[in-house]
Amino acid sequence: MAVESKSHAYRTSWRRAVGFSVWVLLIIAGLGGPFAGCHGEALIVAGGANFTSAASSGDLRWTSGFALSRPLAYGACASTSAGVVCVGGNDADRVFADAFVLSWRPETAALAQTPLPPLPVPSTAGAAALIGGHVYLVSGQAGLDLATATDHVWRLDLAAACR
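Now for a look at the structure at hand. Fair warning: this is a prediction, and the values are worked out from it, not measured in the lab.

Ordered by their spatial adjacency, three strands build an open sheet running 11-12-13, and the pairing between neighbours is antiparallel. Where the open sheet ends on each side, the last strands, each with one partner, are strand 11 (127-131) and strand 13 (153-157). Between one strand axis and the next, the sheet turns by 20° as a mean value, whatever way the strands run. Two strands pair when backbone bridges link them, and strand 11 and strand 12 (residues 134-138) are joined in this way by five bridges, in the antiparallel orientation. Counted as the bridge partner of alanine 127 is valine 138 from strand 12.

As structure tokens, this is what we get:
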């Protein structure tokens, strides 16, 4: 099946995800800036803005009961074999330099938060990617104001950080 856009034809399309475990908290009112990624067979969604009420969706299994160490949204994240690496982010008052890994423990049906070395400076609204065992962060802003936008690119050796 092809899906047409203005200038491209695609040989695939987005389809409903079925047949795997999903362990997340879904926010009905909308969720801005959560940390999201995969670890093992689990889709992890944590943090974000607009915390209201939880819901369930079809045949997917939603669970909650985990809370980040502080309210946090708009950080960067990358899925890795160690878990979802989360970097930076902000709350209503400040931007953070924290970094941590969220990993799913299927044997206990629990989510763990393990600290990583913090960034040298706070960062929010950036993007992260895993390349060759390193997590790269393209930093967005160092503060809550757009005037704090940066051109920083940081790299973390994940194997060394997780020892």
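Right, let's talk about the sheet that holds strand 9 (residues 99-105) for a bit. On the basis of which strands lie adjacent, the open sheet formed by four strands has the order 7-8-9-10 and antiparallel pairing. The sheet terminates laterally at strand 7 (76-80) and strand 10 (110-116), the two strands that pair on one side only. Strand-to-strand twist in this sheet, taken as the mean axis angle between neighbours without regard to direction, amounts to 25°. Bridge count for strand 9 against strand 10 is seven bridges, and the pairing is antiparallel. Paired with arginine 105 across the two strands is alanine 110, which belongs to strand 10.

Cut-offs and rules
- Residues numbered from 1 in each chain as written.
- Predicted model: local features only at pLDDT ≥ 70, side-chain atom pairs only at ≥ 80, totals over all residues.
- Heavy atoms only, no water.
- Pairing = 2+ DSSP bridges.
- Helix = DSSP H or I, 4+ residues; strand = E, 2+ residues; numbered from the N terminus.
- Axes fitted to C-alpha atoms, helices over the stretch in contact; angles between N-to-C directions.

None of the figures reported here should be taken as evidence of function without further support.
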